[in-house]
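Observations on chain architecture
Next come the chains, spelled out residue by residue.
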Amino acid sequence: MVRLNRAAWFATVAGMCGSLVSIGLARFAYTPLIPPLIQAHWFSPANAVSLGAANFAGYLAGALLARLIAAALSSRQALRLLMFVATAAFFACAYPLSVVWFFVWRFASGFSGGVIMVLVPTSILPQIPAAKRGFVSGMIFLGLGLGIAASGTLIPELLRLGLRETWFGLGILSLLLTVFSWFGWPADNPPALRFETSNDASFRSKISLTILYGQYAANALGLVPVMILMVDYIARGLGRGGDIGAAYWRVYGIAAIVGPVMCGGAADKIGFRLSFRAALLLQGLAVGILSFVKNLVAVGIATVLLGIFTTGVVPLSLGRIHDILPHSPTAQRTAWSRATIAFAVFQVLGGYGYAFLFSHSKENYGLVFLCGTIALVMALIVDLFVREGGSTAADLSQPSTLLVSGKKRYKLSLEDRKSEAGSRFHNSICTDDVRNGS
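Treat the numbers as computed from the prediction; the structure is a model and nothing was measured.

Criteria and thresholds
- Residues numbered from 1 in each chain as written.
- Predicted model: local features only at pLDDT ≥ 70, side-chain atom pairs only at ≥ 80, totals over all residues.
- Heavy atoms only, no water.
- Salt bridge = Lys/Arg side-chain N within 4 Å of Asp/Glu carboxyl O.
- Buried < 20%, exposed > 50% of the residue type's maximum accessible area, 1.4 Å probe, protein only.
- Helix = DSSP H or I, 4+ residues; strand = E, 2+ residues; numbered from the N terminus.
- Contact = heavy atoms within 4.5 Å.
- Expected span 1.5 Å × (residues − 1).
- Arc of directions from axis to C-beta.
- Polar contact = N/O pair within 3.5 Å; in protein donor to acceptor, adjacent residues only side chain to side chain.
- Axes fitted to C-alpha atoms, helices over the stretch in contact; angles between N-to-C directions.
- Parallel < 35°, antiparallel > 145°, perpendicular 65-115°, else oblique.
- Left-handed = near helix turned anticlockwise from the far one by under 90°.
- Nonpolar A, V, L, I, M, F, W, Y, C, P; charged D, E, K, R; others polar.
- Patch = residues over 30% accessible without salt bridge, like charges linked within 9 Å, V, L, I, M, F, W, Y side chains within 5 Å.
- Areas by Shrake-Rupley, 256 points an atom, 1.4 Å probe, with all protein chains shown as cover.
- Core = buried A, V, L, I, M, F, W, Y, C linked by side-chain atoms within 4.5 Å.
- Phe/Tyr/Trp six-rings, centres within 6.5 Å; stacked < 30°, edge-to-face > 60°.
- Lys NZ or Arg CZ within 6 Å of the ring centre and 35° of its normal.
- 1 Å grid on protein atoms, 1.4 Å probe; cavity = no way out; pocket = protein on both sides within 12 Å on 5 of 7 lines; lining within 4 Å.
- Points joined across faces, edges and corners; volume = space filled by probe spheres on them.

Side note on the pattern of salt bridges
Summed over all chains, the structure comprises six salt bridges. When the shortest N-O distance is used, the salt bridge between E157 and R160 registers 3.5 Å. By relative accessible area, R160 is classed as exposed at 65%. The structure contains a network of salt bridges with shared partners spanning D232, R236 and E363.

Here's the deal with the environment of G147
Inspection of the secondary structure puts G147 in helix α6 (residues 133–159). Along the primary structure G147 and A26 are separated by 121 residues, whereas in three dimensions their C-alpha atoms are 8.6 Å apart. Other than its neighbours up to four places away in sequence, G147 contacts L20, G24 and L25.

Focus: helix α13 (residues 365–384)
With 20 residues, α13 should cover 28 Å at 1.5 Å per step; its first-to-last C-alpha distance of 29 Å lies within 8% of that length. Taken together, the buried positions of α13 are occupied by Y365, V368, F369, G372, T373, A375, L376, A379, L380 and D383. Take α13 and look down its axis: the buried residues cluster within an arc of 155°, on one side only. For α13, the side-chain oxygen to backbone nitrogen distance between the N-cap and G366 is 3.2 Å, and the N-cap itself is N364.

Things to note about the environment of G214
Within the secondary structure, G214 is located in helix α8 (residues 203–237). Using a relative accessible area of 40% as the deciding quantity, one classes G214 as partly exposed. When the C-alpha positions of G214 and A339 are compared, they lie 8.5 Å apart, and in sequence the two are 125 residues distant.

A short note on the packing of helix α3 (residues 45–73) against helix α4 (residues 75–92)
Relative to each other, α3 and α4 sit at 110°, their axes nearing to 7 Å. In terms of orientation, α3 lies roughly perpendicular with respect to α4. For the pair α3 and α4, the sense of crossing is right-handed. The residues of α4 that touch α3, namely those facing I69, A70 and L73, are S75, Q77, A78 and L81. Of the residues contributing to the contact of α3 with α4, the split by class is five nonpolar, two polar and no charged.

Points about a nonpolar patch on the surface
Together, V100, F103, V104 and Y352 make up an exposed nonpolar region whose accessible area comes to about 330 Å². Summarising the element assignment, Y352 is placed in helix α12 (residues 329–360).

Remarks on the nonpolar core
With 122 residues, the main nonpolar core has W167, L290 and L306 as its most contacted residues. For this core, the leading source of residues is α8, giving 17 residues. When near neighbours in sequence (up to four residues on either side) are disregarded, W167 contacts Y30, L33, L37, W42, F90, C93, A94 and F102.

Digging into the packing of aromatic side chains
Under the definition given, this model contains 14 aromatic pairs. Taking the centre distance of 5.7 Å and the plane angle of 65° together, the rings of F84 and W182 count as edge-to-face. Of this pair, F84 sits in helix α4 while W182 sits in the loop between α7 (163–181) and α8, and the two are 98 residues apart along the sequence. Given a relative accessible area of 35%, F84 falls into the partly exposed group. Take W182: its relative accessible area is 27%, and that puts it in the partly exposed class. Feature note: the residues F141, Y216, W336 and F343 constitute an aromatic cluster, connected by ring pairs. Lying across the ring of Y59, R27 places its NZ or CZ 4.7 Å from the centre.

Let's talk about empty space enclosed by the protein
Taken as a whole and assessed by the stated rule, the structure comprises four cavities of 30 Å³ or more. When its volume is computed, the largest cavity comes out at roughly 180 Å³. For the largest cavity, the lining is made up of 15 residues, of which R27, Y59, Y216, V314 and F343 are closest to its centre. Every element with two or more residues in the lining of the largest cavity is listed here: α8, α11 (296–324) and α12. Considering only residue class, the lining of the largest cavity consists of 12 nonpolar, two polar and one charged.

Some details on the side chain of S361
If you trace the backbone, S361 turns up in the loop between α12 and α13. Only 3.3 Å separates the side chain of S361 from the backbone nitrogen of N364, close enough to count as a polar contact.

Observations concerning unusual backbone geometry
The backbone phi angle of K362 is positive, close to 60°, even though this residue is not glycine. Its place among the elements puts K362 in the loop between α12 and α13. Look at K362 and you get exposed, because its relative accessible area is 80%. With phi around 55°, E363 is a residue other than glycine that occupies positive phi space. Mapped onto the elements, E363 comes out in the loop between α12 and α13.

On their own, these measurements won't tell you what the molecule is for.
Now the structure itself:
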């Protein structure tokens, strides 16, 4: 039985802390704060929504520059530094000196999130045994749901003390998690073992990846209205008040905690592609409910579904990349980075586009949610008419070349590659060669 050693566990917990602080709190804690920010006259409704989109813009910039930053500082130092930046942003936002000041710090927190979400999987997963990478991926992304649940639970209590105190409370929690994760980040990876097959980057694989990037981007367009407006919609749009809005956000957070585990279990049974397709369908239905239905029970069902798939779609998308590029870890990491960038680009476009639409449609929540519904339906339609990509039978019929530290070459037959025995043989070669210094 494969077990995680102490270093692997520390790295896993550090990754969970990173996603919790940089996304779970830095992004999602802002949603239940929009109504209090408006009521306290810190910002107008249009500015409050636009400042939420500033986090998306920073996320895009961080995702684009993550590799350059890691090359300049090392992954470990970059992760430590940017956890502190995300923490500092909470304290800075306690002082709304101006819209520009607030924008800069919301942008900085998003920038940290973009870098962290690109670097965490690529720095931690290579240190994890292959049999445990699915579990560790789920644990890392679990931080998203924990952050949403924590923001929905803590913010109503902190708001009783005051809006400024709420930002301080989030900052203190983020600081504790930053310190806790400090020694968990793995050192920079040694020269990685490369297990590349000659046919993984086939034309069909590239087409499938391009389509997946588009679907992941459309998923961002579908979720952005929920990330920004859900609590405000229930509090002001439905006239139920901030407490009810915060209660629904807590439900959203609880659902987000179970999302990665539930979606991963579904993928184990029916495959990543069918699971991803079901996720698009159910998200489209849920956002459609918010567009047209004002019944609180229906809105609650939609909230649960959206909470599950806000976090669950992340490991599903990562699993789709592994399906398309099953024998190329290097290409998988590159593809995941590109998928993250695509998601971030359309978060920014959606964030500012929806903010503009919201302010110029007399705060028409239904219209904004409808746009998200259309994006998700389009992504589903594309998936229904696209053939499965990845390695084909023809690809697998060709012997593949295994490079171990760039020095030795082995040929694996079709039967070896398809069988579990072949997989064990594949891994044993790597282990023996590493021990022998090859």
